[in-house]
Amino acid sequence: MDFLKRENWWLVLFLNIITCGLFYIVLAKFMNLYDDDAWYMNKWYWIFGTLCLVIPVFIMLTVFGIQMNAKVANELDVSGSNIYNIPYTWILLFIIPVIGWILFIIMYLYIFIMPVIKLKRRT
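On a predicted model such as this, the values are computed, not experimentally measured, just so you know.

A. Region of interest: the overall build of the protein. Within the protein, the regular secondary structure consists of seven helices and zero strands. Secondary structure elements of the protein, listed N to C terminal, follow the sequence α-α-α-α-α-α-α. Its C-alpha atoms give the protein a radius of gyration of 15 Å, near enough to 14 Å, the size a compact globule of 123 residues would have. C-alpha atoms of the protein, sized along the principal axes, occupy 45 × 35 × 25 Å. In the protein, buried positions account for 32% of the 123 residues. Within the protein, residue pairs in contact and separated by at least 24 positions form 60% of the contacts whose partners lie at least 6 positions apart. Carbon and sulfur atoms provide 72% of the accessible area of the protein, an area that totals close to 8,300 Å². If you average the places of the 9 positive and of the 7 negative side-chain charges in the protein, the two averages end up 8 Å apart.

Here is the structure:
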């Protein structure tokens, strides 16, 4: 099934809501956005994270989800890619208390919702 068709925008939105945004990982796989040399393709990182208890795996999965979400948004030409494709922006917003966290949530919601809107407006 081709998820990137205009008439499937509601399905992408529904699957994103159910999976809390992790559907972008699957969508990135369909769009062939995985990099073979990236950190997430190395199984030893995932094994080490699992051996260090479960919390590092959740952190790695969150970072992986945000990274794939940003790649999908960039591939669908969502505006603002010069901001959300820089990892230092995400790190800086996560480190700064209160205001940074609020902006982090707003930026995450932006790249969560805007690709679906781009799919809906696609011709």
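Still more to cover.
B. View of unusual backbone geometry. The phi angle at asparagine 32 is positive, at roughly 55°, despite the residue not being glycine. For asparagine 32, the location among the structural elements is in the loop between α2 (23–30) and α3 (43–51). Note on asparagine 32: relative accessible area 67%, which makes it exposed. In this structure, aspartate 77 is a non-glycine residue whose phi angle is positive, near 60°. The residue aspartate 77 is located in the loop between α4 (55–75) and α5 (81–84) in this model.

C. Molecular detail of the packing of aromatic side chains. Counted according to the given criterion, the structure contains twelve aromatic pairs. When the centroid spacing of 6.4 Å and the interplanar angle of 80° are considered together, the rings of tyrosine 24 and phenylalanine 112 count as edge-to-face. Residue tyrosine 24 is located in helix α2, and its partner phenylalanine 112 is located in helix α7 (residues 99–121); the two are separated by 88 residues in the primary sequence. Judged by its relative accessible area of 1%, tyrosine 24 falls in the buried class. The rings of Tyr34, Trp39, Tyr40, Trp46 and Phe64 are connected pair by pair, giving a single aromatic cluster. Its end group placed over the ring of tryptophan 9, lysine 120 keeps NZ or CZ at 4.8 Å from the ring centre.

D. α2, seen in detail. Those residues of α2 that sit buried are Phe23, Tyr24, Ile25, Leu27 and Ala28. Where α2 is buried, its residues meet α1 (9–18), α4 and α7.

Reading the values: the criteria
- Residues numbered from 1 in each chain as written.
- Predicted model: local features only at pLDDT ≥ 70, side-chain atom pairs only at ≥ 80, totals over all residues.
- Heavy atoms only, no water.
- Helix = DSSP H or I, 4+ residues; strand = E, 2+ residues; numbered from the N terminus.
- Rg over C-alpha atoms; globule rule 2.2 N^0.38 Å.
- Buried < 20%, exposed > 50% of the residue type's maximum accessible area, 1.4 Å probe, protein only.
- Contact = heavy atoms within 4.5 Å.
- Areas by Shrake-Rupley, 256 points an atom, 1.4 Å probe, with all protein chains shown as cover.
- Lys, Arg positive; Asp, Glu negative; His and termini not counted.
- Charge placed at Lys NZ, Arg CZ, Asp CG, Glu CD.
- Phe/Tyr/Trp six-rings, centres within 6.5 Å; stacked < 30°, edge-to-face > 60°.
- Lys NZ or Arg CZ within 6 Å of the ring centre and 35° of its normal.

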